[in-house]
Amino acid sequence: MKGSDLLVAALENEGVDRIFGVPGEENLDVVESLRRSSIELVVTRHEQPAAFLAATYGRLTGKPGVALSTLGPGALNFVTGAAYGFLGGMPMVLITGQKAIRQSRQAHFQIVDVVAAMRPLTKQSQQIVSASSIPTLVRNAFRIAAEERPGPVHLELPEDVAAEEAGDVPLVPAHAAELPVPSPEAIKGASDLILAAKFPLLMFGAGASRPQLAPALSDFVRRVRIPFFNTQMGKGAVGGASDFYLGTAALSERDYVHKAIDRADLIVTIGHETVEKPPFLMSQGRHQVIHIGFVPATIEEVYFPQAEVIGDIAKGLDLLAGQLEGRLKTNPDWAALRKDILDHITDRAEEDRFPLTPQRIVHDVRQVMPPDGIVALDNGMYKIWFARNYRTDVANTLLLDNALATMGAGLPSGMMAALLYPKRRVLVVAGDGGFMMNSQELETARRMKLNLVVLIIEDHAYGMIRWKQAVDGFKDWGLTFDNPDFVAYAAAYGARGRRVTTASGLAPALEEAFSAGGLHLIAVPIDYSENIRVLVDELRHMQD
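Procedures and definitions
Residues numbered from 1 in each chain as written. Predicted model: local features only at pLDDT ≥ 70, side-chain atom pairs only at ≥ 80, totals over all residues. Heavy atoms only, no water. Helix = DSSP H or I, 4+ residues; strand = E, 2+ residues; numbered from the N terminus. Rg over C-alpha atoms; globule rule 2.2 N^0.38 Å. Buried < 20%, exposed > 50% of the residue type's maximum accessible area, 1.4 Å probe, protein only. Contact = heavy atoms within 4.5 Å. Pairing = 2+ DSSP bridges. Axes fitted to C-alpha atoms, helices over the stretch in contact; angles between N-to-C directions. Phe/Tyr/Trp six-rings, centres within 6.5 Å; stacked < 30°, edge-to-face > 60°. Left-handed = near helix turned anticlockwise from the far one by under 90°. Nonpolar A, V, L, I, M, F, W, Y, C, P; charged D, E, K, R; others polar. Salt bridge = Lys/Arg side-chain N within 4 Å of Asp/Glu carboxyl O. 1 Å grid on protein atoms, 1.4 Å probe; cavity = no way out; pocket = protein on both sides within 12 Å on 5 of 7 lines; lining within 4 Å. Points joined across faces, edges and corners; volume = space filled by probe spheres on them. Polar contact = N/O pair within 3.5 Å; in protein donor to acceptor, adjacent residues only side chain to side chain. Expected span 1.5 Å × (residues − 1). Arc of directions from axis to C-beta. Right-handed = clockwise from strand over helix to strand, strands pointing away.

1. With respect to the overall build of the protein
Alright, step 1. Summing up its helical and strand segments, the protein has 22 helices and 18 strands in all.
Alright, step 2. For 544 residues, the compact-globule formula gives about 24 Å, and the C-alpha radius of gyration of the protein, at 24 Å, lands near that figure.
Alright, step 3. Referenced to the eigenvectors of the C-alpha coordinate spread, the extents of the protein come out at roughly 70 × 60 × 45 Å.
Alright, step 4. Looking at the protein residue by residue over its 544 residues, the buried ones come to 58%.
Alright, step 5. For the protein, contacts bridging at least 24 residues in sequence account for 75% of all contacts bridging at least 6.

And the structure:
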């Protein structure tokens, strides 16, 4: 058995059924081994979206996704995807090729030190130097990628190692990793602080969105009856239909949900990871914070909890609920505050203005998406509106990135959701800027026969930066562009395209696309004047 056969057998041993990527000359032994295996090779049109696909697989399943590239330029195209998974806490394994390491017939042609380049962006980056070591290194890569805090691991396989005969090397069996249970002292300390608080408040962060946690989180809220809000990446960890839901921290301060944050004398953060843009700015003497997480808190200028409960979050919350259940009374002030917050963020959601307002777009999308429907957001101004206004009842049904916050990830993220959940409605929402960064993957989506609807929000600009440019008092300059005819563009890829031309046209267009099945592209113009009215003027008035 040669090295590439061992690699593929080790991947099968980990339960891998698909690999995404763009192979090259240095991967040809691996490609041949894949051809004879049970693993499907999904060829993408660029390496970056292959890494996004692998990361989203990890995000939605908790198991590492796998992406493959060649050496040099192909491997370096993984860099953004690696950072996406690293900051976002998404388990993935990146496999790159390399020239032979026992001879140098092409000198330094295409050779860069990919292992060193990947080291700051991965949990581990390593070159494989012996075929017989492959089973051990693959098992270790998957273990490291999946353990808390999850993230990417990089393995480089030189072509001579891939072709090397290794003999009969046994695979390493996989086993489940157990997380430690938080200590009784930590549970008692957190319980005492919560019982002593007049206005305790829960916050669910990115780590609360791990696929296996949803039942435990909902059960905790049901038992302790403490109001909660969430970060952008924690959205949906507990359903927004709950009577205890107060909103989403789409901004760091001075939004309506911050009325609740300002009222609280104790905030219990669950799964908060400081790679997210801060949901609130902690300061001395403002309120106490308890950090409940898989790993200890990262101390920052704006986040320095006074107490921590570290270990298995689900088991820790069950123990904490046992100390609190039936002993807390919900302050009646929360109900009035909740109504005020939710009334403000849903204001003008059905306005008949055209081009459509962000509120109307979010409202109409929510109307056509069932509770388990998945919306995958690219990165742009509309992300703030979806984070604030879109109510989620099921965990991981609003996929957004508030860590690296890269453009170009929305389409691959939605493609993976559609691949994993073919019977659920999946919608990609992307700005015209972000969509064009990986729009070539429409061909991959069509080839994979995905049922997927892509909604392009069109403003002919890099809208979020243009908004900040205006807020900071700069001239409107340098951020606009032209677009292709998106209806014709869709047709060129074998998809069905449509343009929304009336205020009432979006919801029916989405409904028709989902009902028809297949791949659809819908373009809708947006009126971003609400950015200034709501997110600047209205919030400034609230603060005054």
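2. Regarding the sheet that holds strand S12 (residues 307-310)
Alright, step 1. Read across the sheet, six strands follow the order S9-S8-S7-S10-S11-S12 without closing on themselves; strand pairing throughout is parallel. What marks the edges here is a single partner per strand, and that holds for strand S9 (245-248) and S12. Direction aside, neighbouring strands of the sheet carry axes that sit 20° apart on average.
Alright, step 2. Both strand S11 (residues 288-293) and S12 contribute to a ladder of four bridges, which runs parallel. Residue pairing across strands places His291 opposite Glu308, the latter belonging to S12.

3. Re the packing of aromatic side chains
Alright, step 1. Scanning all chains against the criterion turns up nine aromatic pairs.
Alright, step 2. The interplanar angle of 70° and the centroid separation of 4.9 Å between the aromatic rings of Phe52 and Tyr84 together place this pair among those described as edge-to-face. In this pair, Phe52 is assigned in helix H3 (residues 47-61) and Tyr84 in helix H5 (residues 79-88), connecting sequence segments 32 residues apart.
Alright, step 3. Exposure remark for Phe52: the relative accessible area of 0% places this residue in the buried category.

4. Section: the packing of helix H1 (residues 3-13) against helix H7 (residues 134-146)
Alright, step 1. Running from amino to carboxyl end, H1 crosses H7 at an angle of 35°, the nearest separation of the two axes being 9 Å. Considering the relative orientation of H1 and H7, their crossing is right-handed. Side by side, H1 and H7 meet where Gly3, Leu6, Leu7, Ala10 and Leu11 of the first sit next to Ile134, Pro135, Val138 and Phe142 of the second.
Alright, step 2. For the contact of H1 with H7, the class distribution of residues is eight nonpolar, one polar and no charged.

5. A word on the pattern of salt bridges
Alright, step 1. Taken as a whole and judged by the stated rule, the model has 40 salt bridges.
Alright, step 2. A salt bridge links Arg388 to Asp255; its shortest N-O distance comes to 2.8 Å. Of this pair, Arg388 sits in helix H15 (residues 381-389) while Asp255 sits in the loop between S9 and helix H11 (257-263), and the two are 133 residues apart along the sequence. Accessibility assignment for this pair places Arg388 and Asp255 in one class, buried.
Alright, step 3. We note a salt bridge from Asp352 to Arg360, for which the minimum N-O separation is 3.0 Å.
Alright, step 4. Residue classification places Asp352 among the exposed positions, given a relative accessible area of 60%.
Alright, step 5. Because the salt bridges share partners, they merge into one network encompassing Asp219, Arg222, Arg223, Asp318 and Glu325.

6. Quick word on the layout of surface pockets
Regions of empty space are outlined by a rolling probe, equal in size to a water molecule, passed over the atoms.
Alright, step 1. Looking at the largest pocket, its volume works out to about 830 Å³.
Alright, step 2. Around the largest pocket sit 35 residues that line it, and Gly62, Ala146, Glu147, Glu148 and Gln212 are the ones nearest its centre.
Alright, step 3. Mapped onto the lining of the largest pocket, the elements with two or more residues apiece are H3, H7 and helix H12 (313-324).
Alright, step 4. Here the lining of the largest pocket gets four residues from one element, more than from any other, and that element is H7.
Alright, step 5. Grouping the constituent residues of the lining of the largest pocket by class yields 16 nonpolar, eight polar and 11 charged.
Alright, step 6. In this structure, the second largest pocket is lined by 23 residues; those nearest its centre are Leu251, Lys277, Trp467, Lys468 and Leu535.
Alright, step 7. Of all the elements in the fold, those that place two or more residues in the lining of the second largest pocket are H15, helix H19 (463-471) and helix H22 (529-543).
Alright, step 8. Considering each element in turn, the lining of the second largest pocket owes the most residues, five residues, to H22.

7. Description of the side chain of Ser242
Alright, step 1. As for its placement among the helices and strands, Ser242 is situated in the loop between strand S8 (228-230) and S9.
Alright, step 2. Ignoring any residue separated from it by four or fewer positions in sequence, one finds Ser242 in contact with Val221, Phe228 and Arg338.

8. Description of the side chain of Ser252
Alright, step 1. Residue position: Ser252 is located in the loop between S9 and H11.
Alright, step 2. On the basis of relative accessible area, Ser252 is assigned to the buried category, the value being 15%.
Alright, step 3. Separated by 2.7 Å, the side chain of Ser252 and the backbone oxygen of Pro278 make a polar contact.
Alright, step 4. Apart from the residues lying within four places of it in its own chain, the contact partners of Ser252 are His258, Lys277, Pro278, Pro279, Phe280 and Leu281.

9. A look at H12
Alright, step 1. Over its 12 residues, H12 runs 16 Å from end to end, which matches the ideal 16 Å to within 8%, given 1.5 Å per residue.
Alright, step 2. Turning to H12, its buried residues are Ile313, Gly316, Leu317, Leu320, Ala321 and Leu324. Angular distribution of buried residues about the axis of H12 spans 135°; they occupy a single face of the element.
Alright, step 3. Its buried side turned inward, H12 meets helix H9 (184-196), helix H10 (214-224), strand S10 (266-270) and S11.
Alright, step 4. The N-cap residue of H12 is Asp312: its side-chain oxygen and the backbone nitrogen of Ala314 are 3.0 Å apart.
Alright, step 5. Positive phi shows up at Gly326, right after H12, with a value of about 80°.

10. Focus: the sheet that holds strand S1 (residues 18-22)
Alright, step 1. If you walk across this open sheet you meet the six strands as S2-S1-S3-S4-S6-S5, and the pairing is parallel. Here the strands that pair on one side only, and so sit at the sheet edges, are strand S2 (40-43) and strand S5 (124-127). Pairwise comparison of adjacent strand axes, ignoring direction, gives a mean angle of 20° for this sheet.
Alright, step 2. H7 rests against strand S3 (65-69), strand S4 (92-98), S5 and strand S6 (152-158) of the sheet, and its axis sits at about 160° to S6.

11. Here's the deal with the pairing of S5
Alright, step 1. When S5 meets S6, the two strands line up parallel, connected through four bridges. Its bridge partner lying in S6, Ser125 is registered against His154.
Alright, step 2. As a crossover connection, the stretch from S5 through H7 into S6 is right-handed.

12. What about empty space enclosed by the protein?
Alright, step 1. Following the criterion strictly, the structure yields three cavities of 30 Å³ or more and no others.
Alright, step 2. Each pocket or cavity is described by its volume, and for the largest cavity that value is around 60 Å³.
Alright, step 3. In terms of lining residues, the largest cavity is bounded by 13 residues, among which Tyr84, Leu377, Asp378, Leu400 and Asp401 are the most central.
Alright, step 4. Here the residues of the lining of the largest cavity sort into five nonpolar, four polar and four charged.
Alright, step 5. The computed volume of the second largest cavity comes to approximately 40 Å³.
Alright, step 6. In terms of lining, the second largest cavity is formed by His344, Ile345, Asp347, Gln359, Trp385, Arg388, Asn389, Arg533, Val534 and Glu538.
Alright, step 7. Counting only elements with at least two residues in the lining of the second largest cavity, the list comes to helix H13 (333-345), H15 and H22.
Alright, step 8. The residue inventory of the lining of the second largest cavity, partitioned by class, reads three nonpolar, three polar and four charged.

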